[in-house]
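A structural walkthrough
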Amino acid sequence: MPKKEKIRSMFDSIAPDYDKLNHILSLDIDKGWRKKAVREIADTAHPLQVLDVACGTGDFAIAVAKAAAPGSHVTGIDLSEGMMSVGRRKVASEGLEGTIHMEQGDCERMDFADGAFDRVSVAFGVRNFEHREKGLSEMLRVLRPGGKAVILELSVPSNPVFRAMYKVYFLHVLPAIGGMVSGDRGAYTYLPSSVLRFPEPEAFMKTMSSCGFQDVRTESFTCGICRMYTGRKAL
């Protein structure tokens, strides 16, 4: 089965329990990471068109919509209809149906015009791209000149002691708890392994630059467990 189909099937399977497990397994630290990324995106003075790639259950899209100026709009795309069905219910419960729209889409072949968005975001999804450079290049294409991309992604701490503890938790504790609650241990084995396979920060920043992003930067959160990457499209 192609990677995209595996990813779609896996996230459809774990969608009902995804939010609960996500917050439990991260001890709710992920909420703080999202807040920091939202500050890089939201403009309280000017309405923005924002694209949230791999939007999942909509946590990031909702956070952006709440922080952005009136008149802003967030479009979310994801491979998994199961994840978005959860997200759409959350959007409705927040009264944001007019501000957030979610649709199934492939980050490597997006049905949007060049320069359609002021901001493009990916929260904890870029490691699941089948062809990372294609996805990043598409994100750049749909950004307006001068627009910004903001990427949040889990990372591996550089401190040797913390790194060793992190791997024990990630490779053994997380799959056990995730499998017990969701009934899909395979998904919660894949998720940490995908983080461990993700490029080191400098390598990923070079990939962003090679795809055409300018002023590429990274910031480390919580001892390197998470990183935020930003880049701009040339004017």
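Located above this text is the structure these notes cover.
We now turn to the structure provided with this report. In this convention, every chain numbers its residues from 1, walking through the sequence in written order. Under the rules for a predicted model, residues below a pLDDT of 70 receive no local features and side-chain atom pairs below 80 are neither given nor counted, while totals for whole chains, interfaces and linings still include all residues. The basis for every side-chain value is the complete set of heavy atoms in the structure, and neither hydrogens nor water enter the calculation.

What about the side chain of Arg-34?
- For the purposes of this entry, the term helix denotes a DSSP run of H or I that reaches at least four residues, the term strand denotes a run of E that reaches at least two, and both are numbered from the N terminus. Note that Arg-34 resides in helix α2 (residues 29-41).
- The rule is simple: take the accessible area with a 1.4 Å probe, protein chains only, and divide by the maximum for that residue type; under 20% is buried, over 50% is exposed, in between is partly exposed. Under the relative-accessibility criterion, Arg-34 is labelled buried at 10%.
- Not counting the four nearest positions on each side in its chain, Arg-34 is found in contact with Asn-22, His-23, Asp-59, Phe-60, Phe-124 and Leu-152. Contacts: residue pairs with any heavy atoms within 4.5 Å of one another.

Regarding the pattern of salt bridges
- Take a side-chain nitrogen of Lys or Arg and a carboxyl oxygen of Asp or Glu: if they are within 4 Å of each other, that pair is a salt bridge. Going through the model one piece at a time under the given rule, you end up with 18 salt bridges.
- Here Glu-5 makes a salt bridge to Arg-8, at a shortest N to O gap of 2.8 Å. Of this pair, Glu-5 and Arg-8 both sit in helix α1 (residues 3-25), separated by three residues, roughly a single helical turn.
- Across the pair Arg-163 and Glu-200 runs a salt bridge whose closest N-O atoms are separated by 3.9 Å. In this pair, Arg-163 is assigned in helix α6 (residues 160-182) and Glu-200 in the loop between α7 (185-197) and α8 (201-210), connecting sequence segments 37 residues apart.
- Looking at Glu-200, the relative accessible area reads 48%, which means it is partly exposed.
- The network of salt bridges with shared partners includes Lys-4, Asp-106, Glu-108 and Arg-109.

Side note on the nonpolar core
- Put simply, buried Ala, Val, Leu, Ile, Met, Phe, Trp, Tyr and Cys residues joined by side-chain atoms within 4.5 Å make one nonpolar core. The biggest cluster of nonpolar side chains holds 46 residues, and the ones touching the most others in it are Phe-11, Trp-33, Phe-60, Ile-100, Leu-152 and Tyr-188.
- Among the elements that take part in this core, α1 stands out by supplying eight residues, more than any other.
- Discounting residues that sit within four places of it in the chain, Trp-33 has contacts with Phe-124, Leu-152, Leu-154, Phe-221, Thr-222, Ile-225 and Cys-226.
- Formed by 26 residues, the second largest nonpolar core is a distinct cluster that contains Cys-107, Leu-140, Val-142 and Phe-198.

Describing the packing of α1 against helix α4 (residues 81-93)
- Close contact between α1 and α4 brings their axes to 7 Å; oriented N to C, the two are set at 30 degrees. When the interaxial angle is binned, α1 and α4 end up roughly parallel. Note on element contacts: α4 touches α1 through Glu-81, Gly-82, Met-83, Val-86 and Lys-90, opposite Phe-11, Asp-12, Ala-15, Tyr-18 and Asp-19.
- Split into classes, the residues belonging to the contact of α1 with α4 amount to five nonpolar, one polar and four charged. A fitted line through C-alpha atoms represents every axis, and for helices the fit uses only the stretch in contact; the resulting angles, taken between N-to-C directions, go from 0 to 180 degrees. Convention used here: angles under 35 degrees read as roughly parallel, angles over 145 as roughly antiparallel, angles from 65 to 115 as roughly perpendicular, and any remaining angle as oblique. Residues are sorted three ways: Asp, Glu, Lys and Arg are charged, Ala, Val, Leu, Ile, Met, Phe, Trp, Tyr, Cys and Pro are nonpolar, and all the rest, Gly among them, are polar.

A word on the layout of surface pockets
- Put simply, the grid is 1 Å and covers the protein atoms alone, a cavity is a trapped set of points that fit a 1.4 Å probe, a pocket is an open set with protein on both sides within 12 Å along at least five of seven lines, and lining residues have an atom within 4 Å of a point. Grid points are joined across faces, edges and corners, and a volume is the space filled by probe spheres set on the points. Here the second largest pocket defines a volume of roughly 230 Å³.
- Considering the residues around the second largest pocket, the lining is formed by His-23, Lys-31, Arg-34, Lys-35, Asp-59, Ile-62, Ala-63, Lys-66, Lys-90 and Glu-94.
- Of all elements in the fold, only α2 and α3 (59-67) reach the threshold of two or more residues within the lining of the second largest pocket.
- Sort the elements by how many residues they give to the lining of the second largest pocket and α3 lands first, with four residues.
- The residue inventory of the lining of the second largest pocket, partitioned by class, reads two nonpolar, one polar and seven charged.

Points about the environment of Ala-65
- As for its placement among the helices and strands, Ala-65 is situated in helix α3.
- Taking C-alpha positions, Ala-65 is 8.2 Å from Ala-42, a pair spaced 23 residues apart along the chain.
- When neighbours within four sequence positions are excluded, Ala-65 is seen to be in contact with Val-74, Leu-96, Thr-99 and Ile-100.

Brief notes about the side chain of Asp-30
- Tracing the backbone shows Asp-30 in helix α2.
- Taking the relative accessible area as the measure of exposure, Asp-30 reaches 2% and is therefore buried.
- With residues up to four places along the chain from it excluded, the contact list for Asp-30 reads Asn-22 and His-23.

Description of the packing of aromatic side chains
- When two rings of Phe, Tyr or Trp (its six-membered ring) have centres within 6.5 Å they constitute a pair, described as stacked for plane angles under 30 degrees, edge-to-face for angles over 60, and tilted for the intermediate range. Per the counting criterion, the structure on display carries five aromatic pairs.
- On the numbers, 6.1 Å between centres and 55 degrees between planes, the contact of Trp-33 with Phe-124 is tilted. Of the two residues, Trp-33 is situated in helix α2 and Phe-124 in the loop between β4 (117-123) and α5 (132-142); the sequence distance between them amounts to 91 residues.
- Ring plane angle 75 degrees and centroid distance 4.8 Å describe the contact between Phe-204 and Tyr-229, whose orientation is recorded as edge-to-face. Remark: Tyr-229 occurs in strand β7 (residues 226-232) and Phe-204 occurs in helix α8; sequence separation between them is 25 residues. Per residue, the accessibility class of Phe-204 equals that of Tyr-229, and both read buried.
- An aromatic cluster is defined as three or more aromatic residues linked by ring pairs; in this entry it consists of Phe-198, Phe-204 and Tyr-229.

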